[in-house]
Amino acid sequence: MNKFYLTWIIFFFCFKITFASVKVNSIIKLDNNVPEECGLSFIFDHKDFLTEAMVYVKKTDGNNTLTQFKIISKNQVEKANIVTASLELNEIITQQIKSEPNFFMSGETDQDSMSIFFQEILIGGGNVLVDQSSYEIKGPIDSKVRLEYLFCTGEMFLPNYESNQNE
């Protein structure tokens, strides 16, 4: 129990918690009417300008996905993360690529880990961490956005499309 309180105290003093509203949208990119990318976009007011955090997946060969996480901001972003109840995105995606002033991470990730990550963010919400600021994503996310994301990934990983793509 003491670890829980200590964790919250450290979190509180290390990050400036911002209570600005976070707008959540779905990301759907089609290729020949088949989903190629599916994800979520988080738009929040960061001081005097808007910042957008995006996390999305692309299907790869085998049982993996290419997961990408990027922050689009007018200011330099040194570090960023999305934290859910049990997972941190920067522990799932291992490769960080600097692209100033924006932040970008990309890497192959286990499909099961990404499924759990998105399930937790869609239902329970989470926090987007940008440098020393934290933006709360309140869960559950709007049902329209949840349905769009779930439909997109369901279609993307539908076995019917694999045979069409290999021809």
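See above for the structure.
Below you will find a few notes about this structure. In this text the structure is predicted, and so the values were computed from the model without any measurement. (Residues numbered from 1 in each chain as written. Predicted model: local features only at pLDDT ≥ 70, side-chain atom pairs only at ≥ 80, totals over all residues. Heavy atoms only, no water.)

### Thoughts on the overall build of the chain
In terms of regular secondary structure, the chain is built from five helices and 10 strands. Once local pairs closer than 6 in sequence are excluded, the contacts in the chain between residues at least 24 apart make up 55%. (Helix = DSSP H or I, 4+ residues; strand = E, 2+ residues; numbered from the N terminus. Contact = heavy atoms within 4.5 Å.)

### Remarks on the pairing of strand β10 (residues 133-138)
Two faces belong to every sheet, and in a regular strand the side chains alternate between them. Here strand β9 (residues 125-130) runs beside β10; their pairing, made up of six bridges, is antiparallel. From the neighbouring strand, Val-130 faces β10, where its bridge partner is Ser-133. Counting the residues that bridge the hairpin from β9 to β10 gives two residues, and of these Asp-131 lies at a positive phi of roughly 50 degrees. (Pairing = 2+ DSSP bridges.)

### Digging into the side chain of Ser-41
Note that Ser-41 resides in strand β3 (residues 34-46). Within the structure, the side chain of Ser-41 is placed 2.4 Å from the side chain of Glu-52, a separation counted as a polar contact. Apart from residues lying up to four places away in sequence, Ser-41 is in contact with Lys-23, Val-24, Asn-25, Ile-27, Glu-52, Ala-53 and Met-54. (Polar contact = N/O pair within 3.5 Å; in protein donor to acceptor, adjacent residues only side chain to side chain.)

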